[in-house]
Each structure stands twice: as C-alpha cells, then as structure tokens.
Amino acid sequence: MTFTYRLPAGFRDEVKAGARVQVPFGKTTHTGYVVALQDELDPALGIEESAVKDVTELLDEEPMLTAEILKLTQWTADYYASSWGEILKASLPAGINASSERILTITEAGRDELQSNPGQPSTRIQILRRLAENGETSQRDIEKEFSAKPAARTIRELINKEFVSTYRRTVTSKVKPKLRKAVRLLPNGADGQKPLNPAQNKIIDSITANGGEMLFTELLKKADVGASAIGTLSKRGLIEVFVQEIFRDPLLNAALPEIDQLTLNSEQSFALGEIENSLDTGKFKAFLLHGITGSGKTEVYIRAMRTALDQGKSALMLVPEIALTPIFSRRLRVIFGNEVAILHSNLSPGERFDEWRRIRSGHARIVIGTRSAVFAPLQDLGLVIVDEEHDSSYRQNEAPFYSARDVAVMRANFADAVIVLGSATPALESFQNAQGGKYRYLQLQHRIGNRPLAKAELIDMRDVFRQAGKDVTLSPQLMTAIEETHSKGEQSIILLNRRGFSQFVLCRTCGESLRCKNCDITLTFHRRDSRLVCHYCSHNVPVPHSCPFCKSEFLYFIGEGTEQLEVILEKKFPNLRIARIDRDTMARRGEMTKTLIGFDHGEIDMLVGTQMLAKGHDFHNVTLVGVISVDIGLGLPDFRSAERTFQLLTQVAGRAGRGNLQGRVLIQTYYPEHYALRHAVKQDFEGFFAEEIRYRQRLNYPPFVVLASILIKHADYNNALKSAEILKDCLDKANKDKACRILGVAPASLSRLKSQHRLQILIKSVSRRKMRETLDTALAEAEAAGCDMRIVHVEVDPVNLM
C-alpha cells in the first residue's frame, strides 16, 4: 500500500524517487520511501487536498534506492502478497533507517503540581521531578528508569492533565561512516624555517615511508612521538591533520589463500561457453547448471564473473549459508581484489553499511552474499549466480515473505542479465522448468580429474539394535571407519541434523514430557548451560531435579543432539581433535570462519555438526562422512520432506573424496527401503526425480499446482478461530468457478508458537492468476467483514508447511 504526501517548497526540487523521507503517520513519525513523484494530486485517488500531510524531512540528497531496486521490490511485494514498505526496508542495510522518539517536557501546570506535592513518593511525582531537573527527556529513558508499563500509563495521565507536553524528535540512523583523524605531507611545505628536531624528523620519515599519508594513531605509535610534535609541524605548514573516512573491510586481516590455475575439462568448457555466449548477447537467459558434487561448478562461476567484468558489467553471487562465504569470499578477493563486496547478517552493522555503499557507488562490482544480497544496488548487472539453488535458506520465512532464488531470476530478467542456477540436487521446480525449456539445461556429470564419487552405504540400525540389544548412537561399522580414516591421517565429518544434548526429557513415572510454556513443542536439553531450551522462542529453564507434574525423580533424557554426539566421539576417540559446528557453538562472531579454516588447514581432525556442514565446502583431506539419525527429516509432516532428505544426503556425501583419495559415506537409518535413501546412496538424481514427481502429481502438489499458505496467529485461540472462519467463508465465496481447492481451517503442524495459536488454510490451484484473484478478493472482503488482518499472514509458494 502506498500513501500520498505533499512536498514542501523548500525541498520540492531536491527529492527524487528512491529517497527516504520522514513523514507523519497517525500520532507518530516514520521513515518513508519515495516511490513516485506527481505534479498534481490524482483525482482517481479520491483524496481531498486538505487531507494530505506534508513530508517533514528529507533524509537523502541522493536516493538510497535505484530505479531498478524500486521496480524489483514492487514486483516482489506484488508476487508474494507482501508489504512493499517491508520489502524496501529489507533491501537496505540494517540500522540505516532513521526513527523518531517521543520527547517529554514539564509544563507550568506540572511544576505547580510538583510544588504542591514535593515529598510524595508516587511514580507520577517522581517523573515530574525528573523532568523538572533534567529538562527535555525521551519517553524511552523514563520507561527504562521507572519500568515500562507503569511509566507509560503514568505518562498518559500526565499528558491528559496537561502536566507534560510532548513532541517527536528524529533519531539519526544507527550506522554512520567511520571517521578517523589522519595526517599527510603537504607538497609545498614552508621553506627556510629552523631545522627539524629528531622527533619531527621521525614524523616526516614515517609519513613518507607510508606513502605520504597515515592515520594519526598509527603515526603516534610508529614514530613513538607525542601529539604536540605533530601539532607543531602542522602549524609550520609541513603536514596537514584532517579527518578521513575509513571503510570497514570484513576481509581486512583475513589470510588469503593461494590459488592454483586450473584447466577446465570438456564439460566445464562447454558450460562456460554457453554462458559466455549469452553474456555477449546482452539479453536475459536462465541456465540450470546441474553438476554432481565436486564437478567444478565454482570454477565455471568464477570464469563467468571474469567475462562479465571484462564486458564492463557487474556480477552477483548468492549462497544459502553464511558458512559458505568465508573461504569462497577470500578466493574471490585474491582473484578480483577490492572489486569484491560481501553482504550477510554476520557482518557488523558498520561493515555491512560500508560494503553496501561501495556497491552503490560502483567501487565494488562483484557481490557475494546470502538471501538479502539479491537487492544489492549493483550497476550494469550482467551475471547472477545462485549457488545451491535448491536450498530452503533462500526463502524468507517471516514477513516479508520472498524467495531470493526466484527474485534473482526476475532481477536478471529486468536487467537483461544472465542467471545461472547451480546445484548437485536441483529443486524439483527448477528441474521441471529445465525439462520444459524455460531454463537452458547444462550438466556436469564427472568430478574434476575424473575422481570417483564417494562410495555410500546404508547401515540398517534395526540389525545393529538386534545385535547390541539396545539403541546405540554409533554403529560398529561407523566406529571402525572412523578408526581407519584417522589412522591414515585423513579427516572426517559426522552429521546429525539436531542440536542440543538430548531431544527431550520424559518422566518415566507419569509419562509427561517437559514442554515449552509458549510453544507446542518439547524442550531440548543443553548440557553445557544445564538448561532446557525451546528452539523456537528461546524460552529456557533450569533442568529440574524431579518431574514438575508428579514429583518423581525418574527423568529420562531421550534422543541425541550434536552436543551429546561430540561428547560420545571425544570419549571413543580421545586422540582426535574434534570441533562442533551448529548454531550454539558458532554464535560468536568469527567463530565459524576460524573453525572452517582450521579444519581446511588440518588443525582439526573431525567436524561434528548440523546441516551447516553439508553445503558447498571443499575439504580435500575429508574421506569419511557419517550420517546419524537420517530418519529425522523423513518424519516431518511436509510434502517436501523426502526431497529435502535426498538433497541433504547427496550434498553431505559430496564432502567426501574431493581430493585424490577415495571417499566413503556411511548413512545410519531405520528405514533403508525409502526411495529417497536408495537414490541418495547412488547419487541418482534422475531416479529420485522420477519417483518424487509421480507422487507430487498424484497428490496435486507443486510443481503441478501453485500453493498459498495462510496462517492466522493470535494469543487467544477464539480470536484466531473467529478471523480464520471469516476468511475461509470469504475464500469459498470468491472461489466461484472452483478454480482453487481450499483446505482448512485446521491447526498448523506446530499449533502454537511464541504464545500464539496458529490456524492454517491452504489454497491450491493449477492457475496462478486464478489463485491470486481468489485470494485478493477474499482478503478484501474478509477485512470488510471483520477479520483482523493484523493476524493474517499470507505466504505464496511456501517451502515449509510446518
């Protein structure tokens, strides 16, 4: 939804589309984005000119948003039924938007009230005294001091009684350019003055050795002098002290790798040639690069980027996980120098802001980043690469909803650029598009140097259970393989896609499990912190000594997570250097980069972790991959569960044997007959696709239908149900020609999260246009009928129905 404002004469000629402005909105002030400019009020809007409010402040002399990004974000909002404003906000670096805060001032009536009750200890009098002593104060500071809810209530009373007046003040953005004092030699310094003393000579020599310019603090340290000596030289006109902007470089102190020159094989050369031919045309073209793990897709990407740069164009590369950026971004920096910029959420706000400005100014022409980097303001875009295009991480799973992969395709289309979707396990929708001719299909069927694929085996844990007489975490086959691998000085990766120590805690007396108070989910035991944690809302409690329901002391900790697996492996193999990679251990900034590079350099023998380990890593000394409890994913109530399991197994299997050594993959399962596992062992994508696509067609799931999921979420179940039933009724009425199949209202698979009940409606249709018409009509009618649209969340093309 867009809103109309009047531009004051003072900056009417300065405002451009894409600039940010401060505007009044209700009783507050917000940052708005100028998306269009008109000379006159459009009569079709039906707005009285007297009702139009003025823009209060222009925040950008030069627009932050380019015309291309405005067009792309508008398409994204329309396609995904999301808020355009939220998409625009997501396209800019976090912390860049200005906000406003409420400022409180005591009035004369308030001072009189304070004098009449000088010793009264009430919150009302204390707040008045605080305002009288300190003058203007933000409401946020008052709420911090006096507790938010009571303070807010008291402030409302004081305003109503006119003891306090208010206005709103603009707060500047949280991130700003980094400025530092610097020193430089002046070319025409004063002559004929008295000779320099030793300290002054050291200053001149240090600056000269540094190229004629250096930071003030570095000069003090290097020359070992005081600031007064620098000030004296400045007064004599020999040097100049000035303020310099310092760009925060995420790779400033990074150790850069040595890059070997590789010769492309015939498959790589053919794929690169096809991409380069399309780059030469300057027209939109989409490719699906389907290459088995270790087939050299990355080398094709890099050479295609070089071609784009040589043509004066820019390139964008998306990766699904932050974990994939450290090693690859260093490789790109070696090849392309400072033309590479990095965008992901693990950067500091300042680093992200500076990288974004380098892109916006054209100083960086190659961008590598995660999901939100699809909106990077690159100029003259020629090439877009989406690595591991199948990965669900490209989907934004909270408002505003969008798929970065699909947005990337449209961005390339708008820019007349080439897009390459790469994967060893393409999404079924992408492979179907390639089969139908929508994407040009390129295939890499052999590993670099004709290295063999890792040999994969399924270990039937039912047999292991019968032999051991109990559940075991590590099968004898996997234990033996670990010993053999490390006896040869080789490395291993063990995958368990579940973090924590134990999956849940069960009372063996009454049978109750310990559950989150906010969510319909069991709490996970984390031994390091000795707490039970909800992985959805982060609610956590100490581990009880007895059952909270029946007071029994017989608590049973069931299931293993990566934390327990690490402990088991350390006990079994005390001589191995083992590191764990999951969200718990990698929370500290830079920790993941340090661990991955340490493993790559051979400082770590074994990595244990979740699916973060499965994607895109290239470790040449890894010859063994073990997969624990693979059945976790197969049991999820989602039509994509088999596809995700096949992709995860194929990807993690591809981490083994990427050097000159034969790799081996051992997969533990209680369900070895499942078709996803059978085909994953053979890394047979075509065989899996043939079975899975039949299942999708029989049950009317994508890619044969388009799908929309509507979640209605509220803390009160009856409120959620009321709005859900109104919306369902409106959907049924809007679906006049029965072009859509409407399922629900029903509880979502996770029926309560973060203290909110969740009800779900699914819409299926073979026609995207019909589905959107039905959905848009129903949403408008439901709002008029009393449905609370604030609790309705529409997701088009969802990848997760949980």
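Residues numbered from 1 in each chain as written. Predicted model: local features only at pLDDT ≥ 70, side-chain atom pairs only at ≥ 80, totals over all residues. Heavy atoms only, no water.

Novice: Help me out: how do you make sense of the side chain of Arg-658 in this one?
Specialist: Mapped onto the elements of the fold, Arg-658 is located in the loop between helix H21 (641–653) and strand E29 (664–669). Arg-658 gets classed as buried once you look at its relative accessible area, which sits at 13%. A polar atom in the side chain of Arg-658 sits 2.9 Å from the backbone oxygen of Gly-654. Excluding residues within four positions of it along the chain, Arg-658 makes contact with Thr-293, Gly-294, Arg-447, Arg-451, His-617, Asp-618, Phe-619, His-620 and Val-622. (Helix = DSSP H or I, 4+ residues; strand = E, 2+ residues; numbered from the N terminus. Buried < 20%, exposed > 50% of the residue type's maximum accessible area, 1.4 Å probe, protein only. Polar contact = N/O pair within 3.5 Å; in protein donor to acceptor, adjacent residues only side chain to side chain. Contact = heavy atoms within 4.5 Å.)

Novice: Quick question: what am I supposed to make of the sheet that holds strand E14 (residues 381–387) here?
Specialist: Picture the strands of a sheet paired through backbone hydrogen bonds; they go either parallel or antiparallel. One open sheet holds the seven strands; their spatial order is E12-E13-E11-E14-E17-E10-E18, and the pairing between them is parallel. Two strands in the sheet have a free side with no partner beyond their single neighbour: strand E12 (340–343) and strand E18 (440–444). Taken pair by pair, the neighbouring strands of this sheet meet at an average axis angle of 15°, ignoring direction. Contacting strand E10 (285–291), E14, strand E17 (418–423) and E18, helix H10 (residues 266–281) crosses the sheet at an angle of about 155° to E18. (Pairing = 2+ DSSP bridges. Axes fitted to C-alpha atoms, helices over the stretch in contact; angles between N-to-C directions.)

Novice: Looking at this model, I keep getting lost on the sheet that holds strand E33 (residues 792–796). Mind explaining?
Specialist: If you trace the four strands from one edge of the open sheet to the other, you get E31-E32-E30-E33, paired in antiparallel fashion. Looking at the sheet topology across the chains shown, the edges are occupied by strand E31 (740–753) and E33. Going from strand to strand, the sheet's axes swing by 20° on average, the running direction of each strand aside. Where strand E30 (residues 706–714) meets E33, five bridges bridge the pair, whose relative direction is antiparallel. Bridge pairing in E33 links Ser-709 to Glu-795.

Novice: Would you take a moment to explain helix H25 (residues 768–784) for this structure?
Specialist: Helical geometry: 3.6 residues make up each α-helical turn, so side chains three or four residues apart lie on a common side. Here H25 contains 17 residues, and its C-alpha end-to-end distance of 25 Å stays within 8% of the 24 Å for a straight helix at 1.5 Å per residue. Regarding H25, the residues found buried are Met-771, Arg-772, Thr-774, Leu-775, Ala-778, Leu-779 and Ala-782. Burial along H25 is one-sided: seen end-on, the buried residues are contained in an arc of 165°. Set apart from the buried face of H25 by more than 90 degrees, the exposed residues are Arg-769 and Ala-784. Packed against the buried residues of H25 are helix H1 (67–79), E30, helix H24 (717–734), E31, strand E32 (756–765) and E33. (Expected span 1.5 Å × (residues − 1). Arc of directions from axis to C-beta.)

Novice: Where do I start with helix H19 (residues 591–600) in this structure?
Specialist: All of the buried residues along H19 are Glu-591, Met-592, Thr-595, Leu-596, Gly-598 and Phe-599. Here the buried residues of H19 occupy an arc of 160° about the axis, which is enough to place them on one side. The inward-facing, buried residues of H19 abut helix H12 (325–336), strand E20 (491–495), strand E26 (578–581), strand E27 (606–609) and strand E28 (622–627). Of the residues flanking the end of H19, it is Gly-602, one or two places downstream, whose phi is positive at about 85°.

Novice: Would you mind going over the pattern of salt bridges with me for this structure?
Specialist: When charged atoms on two side chains of opposite charge get close, those side chains can pair. On inspection of all chains with the given rule, the structure shows 45 salt bridges. Notably, a salt bridge pairs Arg-331 with Glu-299, separated by 2.8 Å at the nearest N-O pair. Of this pair, Arg-331 sits in helix H12 while Glu-299 sits in helix H11 (residues 297–310), and the two are 32 residues apart along the sequence. Under the relative-accessibility criterion, Glu-299 is labelled buried at 11%. Asp-460 is paired through a salt bridge with Arg-462; the nearest N and O atoms lie 2.9 Å apart. Taking relative accessible area as the criterion, Asp-460 reaches 17% and is therefore assigned buried. One network of salt bridges, with partners in common, ties together Glu-245, Arg-248, Asp-354 and Arg-357. (Salt bridge = Lys/Arg side-chain N within 4 Å of Asp/Glu carboxyl O.)

Novice: What's the story with the nonpolar core in this structure? I'm lost.
Specialist: Leu-318, Val-367, Ile-419, Leu-607, Ile-710, Leu-727 and Leu-731 are the most contacted members of the largest nonpolar core, which totals 113 residues. With seven residues, the single largest contributor to this core is H24. Once you skip the residues sitting within four places of it in the chain, Leu-727 turns out to touch Ile-710, Ile-761, Ala-778, Leu-779, Ala-782, Cys-787 and Val-792. Judged by nonpolar contacts, the second largest core, of 32 residues, contains Leu-251, Val-340, Val-420 and Leu-442. (Core = buried A, V, L, I, M, F, W, Y, C linked by side-chain atoms within 4.5 Å.)

Novice: Explanation requested: the packing of H24 against H25 in the structure shown.
Specialist: To characterise two packed helices, one gives the angle between the axes of the helices and the distance between these axes. Put simply, H24 and H25 touch, their axes get as near as 8 Å, and they point 135° apart. Our classification of the angle between H24 and H25 gives oblique. Handedness of the H24/H25 crossing: right-handed. Facing H24, whose interface residues are Ile-726, Leu-727, Cys-730, Leu-731 and Ala-734, H25 presents Thr-774, Leu-775, Thr-777, Ala-778, Leu-779, Glu-781 and Ala-782. Split into classes, the residues belonging to the contact of H24 with H25 amount to nine nonpolar, two polar and one charged. (Parallel < 35°, antiparallel > 145°, perpendicular 65-115°, else oblique. Left-handed = near helix turned anticlockwise from the far one by under 90°. Nonpolar A, V, L, I, M, F, W, Y, C, P; charged D, E, K, R; others polar.)

Novice: Explain unusual backbone geometry to me, please; I cannot follow it from the model alone.
Specialist: That bond from Ala-399 to Pro-400 is cis: its omega, 0°, falls within 30 degrees of zero. Structurally, Pro-400 is set in the loop between strand E15 (395–396) and strand E16 (402–403). That bond from Gly-744 to Val-745 is cis: its omega, 15°, falls within 30 degrees of zero. Tracing the sequence through the fold places Val-745 in strand E31. In this model, Glu-388 sits at a positive phi of 50°, which is unusual for a non-glycine residue. You can see Glu-388 is positioned in the loop between E14 and E15. In this structure, Gln-683 takes a positive phi of about 50° despite not being glycine. Along the polypeptide, Gln-683 turns up in the loop between helix H22 (675–681) and helix H23 (685–698).

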